[in-house]
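Here is how the chains run, residue by residue.
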Amino acid sequence: MKQQETVTEPRFAVTIIMVLLVVVVILAAFLRFYKLSQIPPAFNFDEASHALDALDILNGQLTLISSRLSQVPMGYMYLLAGTFKLFGTSPIVQRSLTAIFGLLLMPISFFVVLTLFKEDLGPKARWVGIFTALLTSTSFWAVNISRIGYEYILPPVFALMGVALFWPGYQHERWGMLLAAGILIAIEFYLYVGSASFLPVIPTSVLLHALWQRIFPKPAKPESSIRWKALIFFSLVIGIVALPLFLALVTGTDPEVKRTLQLSIFSRAESPADLLARLIKSIISHAESFLALSGDMHWRHNLAGRPILNPVLALSFVAGLLMSLKRIRRLPYLFLLIYWSLTLLPSIVTFGDSPLYSRMSSALPPTYIFIGIAWTELYWWLNNYLSSSSFGLQKLASVLALIPFLLVGLVWLPIDTYQDYFLIWANRPEVAEEHDTTIIEFMERMERETDPEAIFVVTRNVQPNHEVIPRPNYTIEFFYQGQAPILYIFMDKPDFRQTLTRELANYRTIHLVTKLKGGDEKRHRNSDSDKLLPFLFEKYGELVGVEKTDAYSIFTYRLDSNHVDFEAHLRPGVPPKLEPLSYVIGDQVKLAGIRHRLEGNNLLIDLAWQPLLKLHVDYTVFIQLLDENGERVTGVDVLPERGFSTLDDQEIMVASYTVPLSDEIRPGTYTLLIGLYFFTGDNRIDSVGSVILPEPVILE
């Protein structure tokens, strides 16, 4: 370490710093606990998954990796299980656990910086510590991940506690401290798999520092020898404690690490040149988030596009980074640079369209330590300048020099974060959807269902690159208390018809859920793009109701029986609620059944179609309401969502149509003209045929 500089300690420095530390903790507590039961809204998919994993632990299911989310260790869930055991199972308990660790980050940061830099900076170390804690307390990045009920704020806390114990343990070969430091740092890996990048930070820093001194020795300064026993012992503790999780991730027929690699730019790159381009793009994008140029575009983690640092802090960050690079021969600064660089790697190598601040959470402490270094040097310069000035300000110098930093740190930054987080971010509809407010609304609709024969059906699909494992909605699973079950149908699986036959036995009222909004549901919105389920449910039943809200759409079908065989080739016959017909149109299609009814200003018509041979053209259906003179008064032309070409020979398809009735249509007796046509080249229309039904339609 460098010999301590001769510096003039500002008057009442220790008292000022201790008072500031108390203020910082109070400020941090406000930003982390204020309206915690309301903001973030609802309870998102990952939070619910963690809660369910914690409940599994309480029920005796002890595992190292989550069975619900891929590549997620269970460390946080064990902490959460204990918290649930003590204080009950609820979202506010879960988020409070995270917020407590987010609050602990402030005093821990202060004391770690003091430990790390005290020998090198002397009294300045306290100021680096207090500025680091202050800036962390008001950081939108830190506030956000401290208020959501998952693990991302915990790794920095455990890492810093390990660092605080390592340095004195290493310098004085205190084996107990080294043991505790190694365990704490290894625990970080059990909290978030990306934290593995921090495991080698301390040993790498010590070894590189020693190597640097050996290659570039300073004659006036003796080399500091490596305490090999202490370093090896510490490294072994980390390795031994981390080993079980490492083995769990890399072993098995489908190892978790395989999915991690699928997310990386290495698996997505098509060539070495493409890999290099992706890596450069990722590094630039991450740099922009620290330089106040752009940021994480994901609403769950950020006010989309908001950089980590504003322009003032970005300049301070660059200054602190450059100062650390200049002092890289000194171990604390080398450690800090390696710490920041390696902990950014998980986000850099899994880059998609923008950085993910959650994956960067381990880099949070060194980011603000860089700024704390720059602010300390500037504050020290201002204090010395005012102390040596001829303005008679010597006694007030330390306070006057501190004023601009207090205005920025205790006024501007808290107000800015409060406005961005509580007034803007919390009220964005994208945030409400990401945190499953819409799922809660849908779940409340499910709980109102009283039909004992009702079931809700939600579709799922596997992503083309297999990044997403098809799974239920854990927010619903955690909260739902209703009687009607929910069935998730995986449309990519070839046996989904068999699954329908088995799972829908004993149910006749089918609520098909579409356009369900939610943080995880957007991945599955096109899972039934071919409309197979509506086709099947209309094939073996009829549409009896439609509900549409901003959160979801529900199409309700009533099946012909509660033991439908969805694998059967043909529908057994025309549904009993339709009147059987036998009109052949164009020698190709039979109009096999009809039902019509009035609803408001609409005439609702259900038609049963049966092809007499295999069709290769999708026909447009036209329905016209004719008056007593055979004149058209209203009508519709509809191309069915499921085309006629998808029907098998002799298969029956039931389709519904809505004919609008204007106020100008007088009460009386009308008839229906129903027919088919199709388009040929140059938009020509070829008629297949039509039929006028003798049964009257009476409008009253």
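All values derive from a computational prediction rather than experimental measurement.

**Quick word on the overall build of the protein**
Working step 1: The helix and strand inventory of the protein stands at 22 helices and 14 strands.
Working step 2: Along the first, second and third principal axes, the C-alpha set of the protein runs to 110 × 60 × 55 Å.
Working step 3: Within the protein, the fraction of its 700 residues that count as buried is 53%.
Working step 4: Put simply, 73% of the contacts in the protein that link residues at least 6 apart link residues at least 24 apart.
Working step 5: A distance of 14 Å separates the average location of the 58 positive side-chain charges in the protein from that of its 67 negative side-chain charges.

**Focus on the pairing of strand 3 (residues 509–514)**
Working step 1: Among the six residues of strand 3, five are classified as buried, and the element is accordingly described as predominantly covered.
Working step 2: One ladder, built from six bridges, connects strand 3 with strand 5 (residues 553–559); its direction is antiparallel. Bridge pairing links T514 to S553 in strand 5.

**Some words on the layout of surface pockets**
Working step 1: Considered as a void within the structure, the second largest pocket measures approximately 1,200 Å³ in volume.
Working step 2: Around the second largest pocket, the lining is made up of 43 residues, and of these E538, L543, F555, Y557 and E641 lie nearest the centre.
Working step 3: Secondary-structure elements contributing two or more residues to the lining of the second largest pocket are strand 1 (454–460), strand 3, helix 22 (532–539), strand 4 (541–548), strand 5, strand 7 (589–599), strand 8 (602–611) and strand 11 (653–660).
Working step 4: Broken down by element, the residue count for the lining of the second largest pocket peaks at six residues, all from strand 11.
Working step 5: Tallied by class, residues from the lining of the second largest pocket come to 20 nonpolar, 10 polar and 13 charged.

**Quick word on the packing of aromatic side chains**
Working step 1: Considering all chains together, one arrives at 51 aromatic pairs under this definition.
Working step 2: Both rings, one in F290 and one in F317, keep their centres 5.3 Å apart while their planes meet at 20°; by these two values the pair is stacked. Of this pair, F290 sits in helix 13 (residues 272–290) while F317 sits in helix 14 (residues 311–326); the two residues are 27 residues apart in sequence, bridging distant segments of the chain.
Working step 3: Residue F290 is classed as buried on the basis of its relative accessible area, which comes to 2%.
Working step 4: By relative accessible area, which is 3% here, F317 ends up buried.
Working step 5: Taking the centre distance of 6.0 Å and the plane angle of 85° together, the rings of F442 and F456 count as edge-to-face. Of this pair, F442 sits in helix 19 (residues 437–447) while F456 sits in strand 1, and the two are 14 residues apart along the sequence.

**Observations concerning helix 8 (residues 175–191)**
Working step 1: With 17 residues, helix 8 ought to run about 24 Å at 1.5 Å a step, and its terminal C-alpha atoms sit 25 Å apart, in line with that.
Working step 2: Every buried residue of helix 8 is listed here: L178, A181, G182, L184, I185, A186, E188, F189, Y190 and L191.
Working step 3: Packing partners of the buried residues in helix 8 comprise helix 3 (75–87), helix 7 (154–171), helix 9 (201–215) and helix 10 (228–250).

Parameters and conventions
- Residues numbered from 1 in each chain as written.
- Predicted model: local features only at pLDDT ≥ 70, side-chain atom pairs only at ≥ 80, totals over all residues.
- Heavy atoms only, no water.
- Helix = DSSP H or I, 4+ residues; strand = E, 2+ residues; numbered from the N terminus.
- Buried < 20%, exposed > 50% of the residue type's maximum accessible area, 1.4 Å probe, protein only.
- Contact = heavy atoms within 4.5 Å.
- Lys, Arg positive; Asp, Glu negative; His and termini not counted.
- Charge placed at Lys NZ, Arg CZ, Asp CG, Glu CD.
- Pairing = 2+ DSSP bridges.
- 1 Å grid on protein atoms, 1.4 Å probe; cavity = no way out; pocket = protein on both sides within 12 Å on 5 of 7 lines; lining within 4 Å.
- Points joined across faces, edges and corners; volume = space filled by probe spheres on them.
- Nonpolar A, V, L, I, M, F, W, Y, C, P; charged D, E, K, R; others polar.
- Phe/Tyr/Trp six-rings, centres within 6.5 Å; stacked < 30°, edge-to-face > 60°.
- Expected span 1.5 Å × (residues − 1).

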